[in-house]
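What follows is each chain in one-letter form.
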Number of protein chains: 2
Amino acid sequence: MARTVDFYFDFISPYAYVGWNRIHTVAKKNDCRLHAIPVLFAALLSAHGTKGPAEVPAKRVYVFKDAYRKAHQAGLPPLVPPPSHPFNPLFALRACTAVADEAERTTLVSAIYRAVWGGGGGADTEDKVLRIATDAGLDGARIVEHARTPETKDALRRSTDEAIAKGVFGVPTMIADGELFWGVDALDALDVFLRGEDPLPKDMLAKWAHLPASAQRKGS
Amino acid sequence: MARTVDFYFDFISPYAYVGWNRIHTVAKKNDCRLHAIPVLFAALLSAHGTKGPAEVPAKRVYVFKDAYRKAHQAGLPPLVPPPSHPFNPLFALRACTAVADEAERTTLVSAIYRAVWGGGGGADTEDKVLRIATDAGLDGARIVEHARTPETKDALRRSTDEAIAKGVFGVPTMIADGELFWGVDALDALDVFLRGEDPLPKDMLAKWAHLPASAQRKGS
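If you're wondering where the values come from, they're calculated on a predicted model, not measured in any experiment.

## Observations concerning the packing of aromatic side chains
So, step 1. Summed over all chains, the structure comprises 28 aromatic pairs over all chains.
So, step 2. Relative to Trp 182 of chain B, the ring of Tyr 62 of chain A has its centre 6.4 Å away and its plane inclined at 70°; by these criteria the two rings are edge-to-face. Of this pair, Tyr 62 of chain A sits in helix α3 (residues 57-73) while Trp 182 of chain B sits in strand β4 (residues 179-182), which puts the two residues in different chains.
So, step 3. Classification of Tyr 62 of chain A by relative accessible area gives buried; the value is 5%.

What follows is the structure in structure tokens.
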């Protein structure tokens, strides 16, 4: 049976957009099945007590520039931020959660990502998600209906909680064979790992986990 | 006159270590002079209200693993975390600040980085910094004496404040022609920029800076 690469994403992140457009190639060349898992980035931040790049004024525009360059380097069309950012990605994430079939989910995720970071009108309302899904050839009305159910809301919450429990602290995050890779910059390392050539000495990990701290910031 | 690349660093960061070992090649091939600027990472975090990776339990060991892989990819010897981490890098940063000559400063920065991330005994005390500088062929006693002066303490504080004013929020950060590049992963983009091939459309920047937000996290 083929190995699986879990891809954790939120539409809010331009890095997850670039990652989504690269992960398929990495998974395919290593004979891995891709499993796309929508999670709410804001909940990851709250759980780990961290801030998103858009919440740090000095980082906000830098991240757009950096993601633009990374999209260009990946051969993608020019990255275009959505009409507003940060926006509420909740319904778009629920819509993806509501689609169980992996191929259909991939179609929907790609279509929503194009609407958000590819120059479309964004995906921050139910109406927009309905139109995006329908235009992508999916049963938009059914997807939107499912996205509204308590079961779907619970499923997204559960996926996010499970991701947090696995140590996911940002998006995109890829997990393969229990090993976590964070960020579009880690895709090369994931590729190396999937090829069985990860240079990391596993025997060092316990030592690193228990490295003593000899200083900490005031107030932290 | 050759262009200058400013390299902002703190010894606390394994990414700044990897970046330090790659930046010289990038600067040289683009005919740029390198200017190494020690800054206190903890002060950047406080100024921007953010947390360092070592302060987020889920990130702490991940960052060692990620930096290990990036060091390997850069052809460096196996990355070895120092005896304790986080540690207090203040005296080591002051020592580098105290060395005005760029070539001597480069020698000292490289020697301290080897001691911290290259399997040495760390650089968290005055004694260690004295030995590292002396072993590197520098006048260790003079450097340590200068590092202790109020002038040097002020100079490091000033460098850090100036970096914050320029929007530096992490290490390593490289600034060339006023353009900021953050992280070891941005070195390729810096290289492209220095070659005059930056794909970024400058006319978009004002728009991105004024993009409205339509959602924000509760409590943020």
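After that view, the rundown keeps rolling.
## Section: unusual backbone geometry
The general pattern is negative phi for most residues beyond glycine and trans for most peptide bonds.
So, step 1. In the segment running from Val 171 of chain A into Pro 172 of chain A, the intervening peptide bond is cis, with an omega of -5°.
So, step 2. Structurally, Pro 172 of chain A is set in the loop between α8 (150-165) and β3 (173-176).
So, step 3. A positive phi is found at Asp 31 of chain B, a non-glycine position, where the angle reads about 55°.
So, step 4. With respect to the helices, strands and loops of the structure, Asp 31 of chain B is situated in the loop between α1 (14-29) and β2 (32-38).
So, step 5. At Asp 177 of chain B, a position not held by glycine, the phi torsion is positive, near 50°.
So, step 6. With respect to the helices and strands, Asp 177 of chain B occurs in the loop between β3 (173-176) and β4.

## Observations regarding the confidence of the model for chain A
So, step 1. Mean pLDDT for chain A: 95, with 99% of residues reaching 70 or above.
So, step 2. As scored by the predictor, the complex reaches a pTM of 0.96 and an ipTM of 0.94.

## Observations concerning the relation of the copies chain B and chain A
So, step 1. Superposing chain B onto chain A takes a rotation of 180° plus a shift of 0.0 Å along the axis, which leaves an RMSD of 0.0 Å. Expressed as an axis order, the relation between the two copies is that of a two-fold axis.
So, step 2. Taken together, the interface assignments show that 100% of the residues at the interface of chain B recur at the interface of chain A, consistent with an identical surface on both copies.

## Comments concerning the sheet that holds β4 of chain B
All names here are of chain B.
So, step 1. With mixed pairing, the four strands of this open sheet are ordered in space as β2-β1-β3-β4. The sheet is open, and its two edges are formed by β2 and β4, each paired on a single side. With direction set aside, neighbouring strand axes in the sheet form an average angle of 20°.

## Things to note about the packing of helix α4 (residues 90-98) of chain B against helix α7 (residues 140-147) of chain B
Residue and element names in this part refer to chain B.
So, step 1. Here α4 crosses α7 at 105°, and the two axes come no closer than 8 Å. By the angle between their axes, α4 is roughly perpendicular relative to α7. Facing α4, whose interface residues are Phe 91, Arg 94, Ala 95 and Ala 98, α7 presents Ile 143, Val 144, His 146 and Ala 147.
So, step 2. Classifying every residue of the contact of α4 with α7 by side-chain character gives six nonpolar, one polar and one charged.

Conventions used here
Residues numbered from 1 in each chain as written. Chains lettered and ligands numbered in written order. Predicted model: local features only at pLDDT ≥ 70, side-chain atom pairs only at ≥ 80, totals over all residues. Heavy atoms only, no water. Phe/Tyr/Trp six-rings, centres within 6.5 Å; stacked < 30°, edge-to-face > 60°. Helix = DSSP H or I, 4+ residues; strand = E, 2+ residues; numbered from the N terminus. Buried < 20%, exposed > 50% of the residue type's maximum accessible area, 1.4 Å probe, protein only. pLDDT = per-residue confidence, 0-100. Least-squares fit on C-alpha atoms with pLDDT ≥ 70 in both. Contact = heavy atoms within 4.5 Å. Pairing = 2+ DSSP bridges. Axes fitted to C-alpha atoms, helices over the stretch in contact; angles between N-to-C directions. Parallel < 35°, antiparallel > 145°, perpendicular 65-115°, else oblique. Nonpolar A, V, L, I, M, F, W, Y, C, P; charged D, E, K, R; others polar.

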